[in-house]
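Results of the structural survey
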Amino acid sequence: MKLQTTIQHEPKDGSGFDRGLREFFEYRDTGVNEATGGMFGAHVIRAIPGKEAKPTWHTHTVGFQLFYVLRGWVEFEYEDIGAVMLEAGGSAFQPPGVRHRELRHSDDLEVLEIVSPAGFATSVVDLEEARKP
């Protein structure tokens, strides 16, 4: 597969964001999905002011997922390590299949997410059921 060089610039007016997986976030594609034929995805996620997280345990079918906080803060909870607060400059690698949920975020949150593959499934998890032997 031949990969293509992609250069995209964020519009200065802050447009270019679309609705996506979560109703309290907006997403801006960086073009990495198309440039890599879906092997990787990278997008900027920003909070919609006044919309709060809905803490639901879930997993993603990914091989790689990394968050880097550009602005604001976000608090996640992971089944294996508990609650983690990330502020601007902080990052988190989420291992494949890790059970997690977002607890809360600031109204000015902006995060860069890099994921592989670009297209992946999200599954809601009943944590109590999952912990039963």
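A few points on the structure.

Thresholds applied
Residues numbered from 1 in each chain as written. Predicted model: local features only at pLDDT ≥ 70, side-chain atom pairs only at ≥ 80, totals over all residues. Heavy atoms only, no water. Helix = DSSP H or I, 4+ residues; strand = E, 2+ residues; numbered from the N terminus. Phe/Tyr/Trp six-rings, centres within 6.5 Å; stacked < 30°, edge-to-face > 60°. Buried < 20%, exposed > 50% of the residue type's maximum accessible area, 1.4 Å probe, protein only. Polar contact = N/O pair within 3.5 Å; in protein donor to acceptor, adjacent residues only side chain to side chain. Contact = heavy atoms within 4.5 Å.

So, unusual backbone geometry
Note that the residue after S116, namely P117, is joined by a cis bond; omega there is -5°. You can see P117 is positioned in the loop between β10 (110-116) and β11 (122-124).

A closer look at the packing of aromatic side chains
Enumeration according to the criterion identifies three aromatic pairs in this entry. Aromatic side chains F67 and F76 sit 5.4 Å apart centroid to centroid with 40° between the ring planes, which places their arrangement in the tilted category. The pair formed by F67 and F76 is uniform in burial state, with each residue classed as buried. On the basis of an interplanar angle of 40° and a centroid distance of 6.0 Å, the ring pair of F76 and Y78 is categorised as tilted. Across the pair, Y78 and F76 agree in class, each one buried. Aromatic ring contacts, followed pair by pair, group F67, F76 and Y78 into a single cluster.

So, the side chain of Q94
Mapping Q94 onto the fold places it in the loop between β8 (91-93) and β9 (100-105). Of the polar contacts made by the side chain of Q94, one reaches the side chain of Q65; its length is 2.9 Å. Within the structure, the side chain of Q94 is placed 2.7 Å from the side chain of Y78, a separation counted as a polar contact. Residues contacting Q94, with those up to four places away along its chain left out, are H60, Q65, F67, F76, Y78 and H100.

All we've got here are geometric facts, nothing functional implied.
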